[in-house]
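Fold and geometry: a report
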Amino acid sequence: MTDIAIHPEKLRDAVAGALGDKLREIRLALGEVTVVVAAEDYLAAMEILRDAPQCRFEQLIDLCGVDYSTYGEVGTDGPRYAVVTHLLSLSLNQRLRVKVFCPDDDFPVIPSVTGIWSGANWFEREAFDLYGIVFDGHSDLRRILTDYGFIGHPFRKDFPLSGHVEMRYDAGQRRVVYEPVTIEPREITPRIIREDNYGGLH
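Residues numbered from 1 in each chain as written. Predicted model: local features only at pLDDT ≥ 70, side-chain atom pairs only at ≥ 80, totals over all residues. Heavy atoms only, no water.

Here's the deal with the overall build of the protein
When helices and strands are counted, the protein shows three helices and nine strands. Every one of the 202 residues in the protein was classed for burial, and the buried ones make up 33%. Here the analysis covers contacts within the protein between residues at least 6 apart in sequence; of these, 51% occur between residues at least 24 apart. Carbon and sulfur atoms make up 52% of the accessible area of the protein, which amounts to about 12900 Å² in all. (Helix = DSSP H or I, 4+ residues; strand = E, 2+ residues; numbered from the N terminus. Buried < 20%, exposed > 50% of the residue type's maximum accessible area, 1.4 Å probe, protein only. Contact = heavy atoms within 4.5 Å. Areas by Shrake-Rupley, 256 points an atom, 1.4 Å probe, with all protein chains shown as cover.)

Digging into the packing of helix 1 (residues 8-19) against helix 2 (residues 42-51)
It is at 10 Å that the axes of helix 1 and helix 2 come closest, and there the two elements cross at 125°. It follows that helix 1 is oblique to helix 2 by the angle criterion. When you trace helix 1 past helix 2, the crossing you get is right-handed. Where helix 1 abuts helix 2, its residues Val15, Ala18 and Leu19 lie against Ala45, Ile48 and Leu49. When its residues are assigned to classes, the contact of helix 1 with helix 2 shows six nonpolar, no polar and no charged. (Axes fitted to C-alpha atoms, helices over the stretch in contact; angles between N-to-C directions. Parallel < 35°, antiparallel > 145°, perpendicular 65-115°, else oblique. Left-handed = near helix turned anticlockwise from the far one by under 90°. Nonpolar A, V, L, I, M, F, W, Y, C, P; charged D, E, K, R; others polar.)

A look at the packing of aromatic side chains
What characterises a pair of aromatic rings is the spacing of the ring centres plus the angle enclosed by the ring planes. A full pass over the atoms with the stated rule returns two aromatic pairs. Here Tyr68 and Phe101 contribute two aromatic rings whose centre-to-centre distance is 5.5 Å and whose plane-to-plane angle is 45°, an arrangement assigned as tilted. Here Phe101 lies in strand 5 (residues 94-101) and Tyr68 lies in the loop between strand 3 (59-67) and strand 4 (81-89), a separation of 33 residues in the sequence. For Phe101, a relative accessible area of 25% puts it in the partly exposed group. Here the aromatic rings of Tyr131 and Phe155 are separated by 5.7 Å at their centres, their planes lie at 80°, and the arrangement is edge-to-face. (Phe/Tyr/Trp six-rings, centres within 6.5 Å; stacked < 30°, edge-to-face > 60°.)

The following block contains the structure:
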């Protein structure tokens with residue numbers, strides 16, 4: 001019986017051969033292969049990764065958004081938002097990370113891969129909810145973790161830590177009400193212990 005598990009170097013070469021000119025970048029680090037594709041090639045590249053005999057990534061195991069807005073502080077330029085997908089080939093016993101950057105920082109849009117892997121549905125809704133990344137072609141793109149009336153996207157690095165509004169149940173109105181966030185300054189006074197022989201000290 002032959003070992004069908006592809007070593008990272010062989011996987012890197014197989015994926016590079018399958019994607020051809022749709023590949024922007026491919027890296028092998030810590031035994032993991034990461035590919036970067038352009039937004040306009042994203043859907044076609046994902047279909048190749050699912051169907052090509054040397055790839056056969058039948059399963060999407062994770063998809064998330066990334067906000068690179070602070071990468072300028074470490075000397076890296078480029079688009080702000082990316083979508084990172086982790087794929088699994090059960091038949092070839094191999095894994096792959098795919099990264100695609102959204103071309104527009106002000107309105108990040110990327111094609112939905114729910115037509116390729118239906119399991120991407122909730123992952124894409126989560127990335128939309130938390131980062132504001134729009135997945136074009138998603139059949140039910142709505143919030144999944146925050147309230148429907150929530151303003152903003154909490155995982156954006158420029159989102160205020162306190163949020164914009166707070167909600168609470170009002171017993172008088174017998175419903176949930178939304179109010180602007182009010183933050184009162186806190187005065188923190190250190191506790192001073194004046195006991196004799198505290199902690200065995202004299």
